[in-house]
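Observations on the model geometry
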Amino acid sequence: MLGLIVLAAENGTGLAPHALLDALLGAPLLARGIAAALPGDEAVTGVLVVPGDLVERAKSDVVDRFGLDEIDRVVAGGPSRRAALQAGLDALPA
């Protein structure tokens with residue numbers, strides 16, 4: 001089984017986490033990115049790491065709405081990419 005951590009860190013390069021929830025052809029950019037990263041032939045357990053104020057919105061608007069069953073948890077990251085990655089690692093099952 002693969003472990004997948006998807007980071008939408010509060011700070012760093014790239015799009016702001018709030019922008020990842022904007023729709024592109026009817027689906028949030030984040031949902032499209034996650035779907036593209038999932039392997040089709042292997043079981044995955046995934047963690048989505050977003051800023052604390054986006055946890056519930058990402059869970060409902062991305063994971064639940066688009067049936068991304070591979071994402072088992074949506075957790076709050078931290079102020080840096082490193083803190084967000086650590087939160088994702090901590091949330092993955094052993």
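Residues numbered from 1 in each chain as written. Predicted model: local features only at pLDDT ≥ 70, side-chain atom pairs only at ≥ 80, totals over all residues. Heavy atoms only, no water.

**Quick notes on the overall build of the protein chain**
Across its full length, the protein chain carries three helices and five strands. For the protein chain, the α and β elements follow one another from N to C terminus as β-β-β-α-β-α-β-α. The C-alpha radius of gyration computed for the protein chain amounts to 12 Å, which stays within 12% of the reference 12 Å derived for 94 residues, consistent with globular compactness. The principal-axis extent of the C-alpha atoms belonging to the protein chain is close to 35 × 35 × 20 Å. Here the protein chain holds 94 residues, and the buried ones make up 37% of them. The contacts in the protein chain between residues at least 6 apart in sequence include a share of 73% that link residues at least 24 apart. Taken as a whole, the protein chain presents about 5400 Å² of accessible surface, with 54% of it coming from carbon and sulfur. (Helix = DSSP H or I, 4+ residues; strand = E, 2+ residues; numbered from the N terminus. Rg over C-alpha atoms; globule rule 2.2 N^0.38 Å. Buried < 20%, exposed > 50% of the residue type's maximum accessible area, 1.4 Å probe, protein only. Contact = heavy atoms within 4.5 Å. Areas by Shrake-Rupley, 256 points an atom, 1.4 Å probe, with all protein chains shown as cover.)

**Brief notes about the confidence of the model for the protein chain**
Chain-level pLDDT for the protein chain is 87 on average; 94% of the residues reach the 70-or-more range. Considering each helix and strand of the protein chain separately, the mean pLDDT is smallest for strand 2 (residues 23-24), with a value of 84, and largest for strand 5 (residues 71-76), with 95. (pLDDT = per-residue confidence, 0-100.)

**Notes on helix 2 (residues 55-64)**
Along helix 2, the residues classified as buried are Val 55, Ala 58, Val 62 and Val 63. Down the axis of helix 2, the buried side of the element spans an arc of 80°, and every buried residue falls inside it. Buried-residue contacts for helix 2 involve strand 3 (27-28), helix 1 (29-37), strand 4 (44-50) and strand 5. (Arc of directions from axis to C-beta.)

**Some words on unusual backbone geometry**
Even without being a glycine, Leu 25 presents a positive backbone phi close to 55°. Following the sequence through the fold, Leu 25 ends up in the loop between strand 2 and strand 3. A relative accessible area of 78% means that Leu 25 is categorised as exposed.

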